[in-house]
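Chain by chain, the residues:
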Amino acid sequence: MASSNSESTNETARQIFKILLSNTRIKVSWLKAHAGNIGYERADELTKDTTQHGQPYSHTKLPKPYIKGLLRKRMLEVWQTSWKNGDTGRKIYNIMPSVSFCPTNWIREDVIIFSQHGPFPAYLKRFHLSDGDFCSCGGIGTALHYVTECIYTVSWHMRKPAPNFEQEWLKRVANNLVSRHKICGIIKFMSENRDLFRPP
């Protein structure tokens, strides 16, 4: 019996041998064929059924890079499906609909503007952290307001997009280093001058 031979070159036999060594309660013994042993007869029955109707088993060793590639592809598919059908992060999804292992190199300030989760009165009001959604300049305090029209952030303004082009505009801003540098300036200025942006 190959599985009782520690020097066997058969990989399956070697694995069985290791299991037998680590489990001393398992006993292996020879049984005469067709001697009426119920367990043996059932095992024989299952073996015959498998050889006639089962799927062929191939013990071909696949290269690790190939397996890693398959797993990577599958992981991306699962991630993409989850991202596409999710309930959260929809503002970021509209800018980045496809997942990727490549980093975006976004910094904190970029995430605040693109997610629109930050020190903006319109955002704070949604979570009952502010009584109003107005900026102290009188406009509605959204992320877009500070980036395009607030009188206090005029040094970093970008041209305001038409309402039906806002998503396309955000995608362009996300891929433009100069625009992202302006975003960084706005958020830092707002953080350093919080009293200036409090609703009237």
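The rules we used
- Residues numbered from 1 in each chain as written.
- Predicted model: local features only at pLDDT ≥ 70, side-chain atom pairs only at ≥ 80, totals over all residues.
- Heavy atoms only, no water.
- Buried < 20%, exposed > 50% of the residue type's maximum accessible area, 1.4 Å probe, protein only.
- Helix = DSSP H or I, 4+ residues; strand = E, 2+ residues; numbered from the N terminus.
- Contact = heavy atoms within 4.5 Å.

Within an unreviewed UniProt entry, the label attached to the chain reads RNase H type-1 domain-containing protein, and the organism entered is Araneus ventricosus.

Chemist: What is the right way to look at helix α5 (residues 108–115) in this model?
Modeler: Because an α-helix packs 3.6 residues into every turn, residues spaced three or four apart end up facing the same way. For α5, a buried count of 6 out of 8 residues is recorded, marking the element as mostly surrounded by other parts of the structure. Looking at the buried residues of α5, the elements they touch are α4 (90–95), α7 (143–148), α8 (166–174) and α9 (177–192). Phi turns positive one or two residues past the end of α5, at Gln-116, with a value near 60°.

Chemist: Hey, could you run me through the side chain of Arg-180 in this one?
Modeler: For Arg-180, the position within the fold is in helix α9. For Arg-180, a relative accessible area of 13% corresponds to the buried category. Among all residues touching Arg-180, those that are not within four sequence positions of it are Thr-104, Asn-105, Trp-106, Asp-110, Phe-114, Val-173 and Ala-174.

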